[in-house]
Number of protein chains: 2
Amino acid sequence: MQLEMRMNSLFDELKARVVDGIDGLYLAIVQDSGSDEVLMTAFMNRESLELTLETGVMHYYSTNRRRLWRKGESSGNTQEVVEVYVDCDGDALLFKVKQKGGACHMGYRSCFYRRLDEDELKTTQERVFNPAEVYT
Amino acid sequence: MQLEMRMNSLFDELKARVVDGIDGLYLAIVQDSGSDEVLMTAFMNRESLELTLETGVMHYYSTNRRRLWRKGESSGNTQEVVEVYVDCDGDALLFKVKQKGGACHMGYRSCFYRRLDEDELKTTQERVFNPAEVYT
């Protein structure tokens, strides 16, 4: 009951967006709770946000696959929630997490592994896992 | 000419999303270049991204007002670009910036000034400016 109240009061503050024709989405920004590195961004619907708060591990809604997605369900690279922040407009949430392995499906710690340097995108990180071995 | 080449090769890597019925948008996440605090998130279209890279100060596309928006045009709280990162999917960019004043229109340093604590959103920052004085 208490969790339900918490959910309802939270959703009163939120304002969902329509992304690629899918209604009811909130933007999630995910930051490493230790280093403050931004690891990834993804969308959540109400169900994935409720599951994230209930279980303490990050769940998203995949706009490509059009389904709920528990981060790490294939790779094992789960994200444990440490803190949750809501932005002024209520359409974005910031999650500070403990990241197991790497957040990026390309094998990097962060999805933002490419920096714009003059006229090219330069890879700034080393891979922490081999995607070919992890996603089999 | 060189800037144009840089733009074209960058846009080849990007994948725009449709948000609230507006096509051609990229997600921008903005982080303080000194503290690594996440300051805000907003959307950009091609024009605002080009202007950002050309001028070195952040420009967005406001999905509410449906127009280009130079950050700080009303408040004076501009954002100077320090580094630009692109995510694996090419639909999100991470900007490390030097923030003048506060990023949030509510007067806070960051738009993520509310933390979810049990059953309430708790304000975690002090205001750095008075919105009533700044937005007149």
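Small disclaimer: the values here were computed from a predicted structure and weren't measured.

*Asks:* Can you walk me through the overall build of chain A in this structure?
*Replies:* Scanning chain A from terminus to terminus reveals 3 helices and 9 strands. Traced from its N-terminal end to its C-terminal end, chain A shows the element sequence α-β-β-β-α-β-β-β-β-β-β-α. For 136 residues, the compact-globule estimate of 2.2 N^0.38 gives 14 Å, and chain A sits close to it at 16 Å. A total of 136 residues make up chain A; the buried ones form 36% of that total.

*Asks:* When you look at the relation of the copies chain A and chain B in this model, what are you seeing that I'm missing?
*Replies:* Rotating chain A by 180 degrees about the axis while translating it 0.0 Å along that axis superimposes it on chain B, leaving an RMSD of 0.0 Å. Interpreted geometrically, this transformation is the action of a two-fold axis. Of every C-alpha in chain A, the one belonging to A:Val19 sits nearest the axis of rotation, 2.3 Å from it.

*Asks:* What exactly am I supposed to notice about helix H2 (residues 46–55) of chain B here?
*Replies:* Each α-helix winds once per 3.6 residues, and so residues spaced three or four apart point in a common direction. Residue and element names in this part refer to chain B. Among the residues making up H2, those that are buried are Ser-48, Leu-49 and Thr-52. Each buried residue of H2 lies within a common arc of 100 degrees when the element is viewed along its axis, so the set occupies one face. Opposite its buried face, H2 presents the exposed residues Glu-47, Glu-54 and Thr-55, each directed more than 90 degrees away. On its buried face, H2 is in contact with strand E2 (22–32), strand E3 (38–44), strand E4 (59–62), strand E5 (67–70) and strand E6 (79–86). Two residues or fewer past H2, Gly-56 is found with a positive phi of approximately 80 degrees.

*Asks:* Mind showing me how you'd approach the interface of chain A and chain B here?
*Replies:* Quite often, the size of an interface is put as the accessible area lost when its parts meet. At the interface, 36 residues of chain A touch 36 residues of chain B. Within the residue set of the side of chain A that touches chain B, elements represented by two or more residues are helix H1 (2–13), strand E1 (17–19), strand E2 (22–32), strand E3 (38–44), strand E6 (79–86), strand E7 (92–99) and strand E8 (114–117) of chain A. With 6 residues, H1(A) is the single largest residue contributor to the side of chain A that touches chain B. Here the residues of the side of chain A that touches chain B sort into 19 nonpolar, 6 polar and 11 charged. Judged from the 2 bridges that link them, E8(A) and E6(B) form a sheet pairing that is antiparallel.

*Asks:* Any chance you could explain the pairing of strand E9 (residues 120–123) of chain B here in plain terms?
*Replies:* Residues and elements named next belong to chain B. Sheet topology places strand E8 (residues 114–117) next to E9; 4 bridges connect them, and they run antiparallel. Considered in E9, the bridge of Leu-116 is made with Leu-121. Linking E8 back to E9 in an antiparallel pair, the connection comprises 2 residues, with Glu-118 at a positive phi of about 50 degrees.

*Asks:* Looking at this structure, I do not really get the nonpolar core. What am I missing?
*Replies:* Side chains of nonpolar character tend, in soluble globular proteins, to be buried together. Ranked by size, the top nonpolar core spans 66 residues in total, and within it A:Ala28, A:Phe43, B:Ala28 and B:Phe43 carry the most contacts. Setting aside residues up to four positions removed in sequence, B:Ala28 forms contacts with B:Thr41, B:Ala42, B:Phe43, B:Met44, B:Tyr60, B:Leu93 and B:Phe95.

Conventions and cut-offs
Residues numbered from 1 in each chain as written. Chains lettered and ligands numbered in written order. Predicted model: local features only at pLDDT ≥ 70, side-chain atom pairs only at ≥ 80, totals over all residues. Helix = DSSP H or I, 4+ residues; strand = E, 2+ residues; numbered from the N terminus. Rg over C-alpha atoms; globule rule 2.2 N^0.38 Å. Buried ≥ 20, exposed ≤ 12 C-beta atoms within 10 Å, placed from the backbone. Least-squares fit on C-alpha atoms with pLDDT ≥ 70 in both. Arc of directions from axis to C-beta. Contact = placed C-beta atoms within 7 Å. Nonpolar A, V, L, I, M, F, W, Y, C, P; charged D, E, K, R; others polar. Pairing = 2+ DSSP bridges. Core = buried A, V, L, I, M, F, W, Y, C linked by C-beta atoms within 7 Å.

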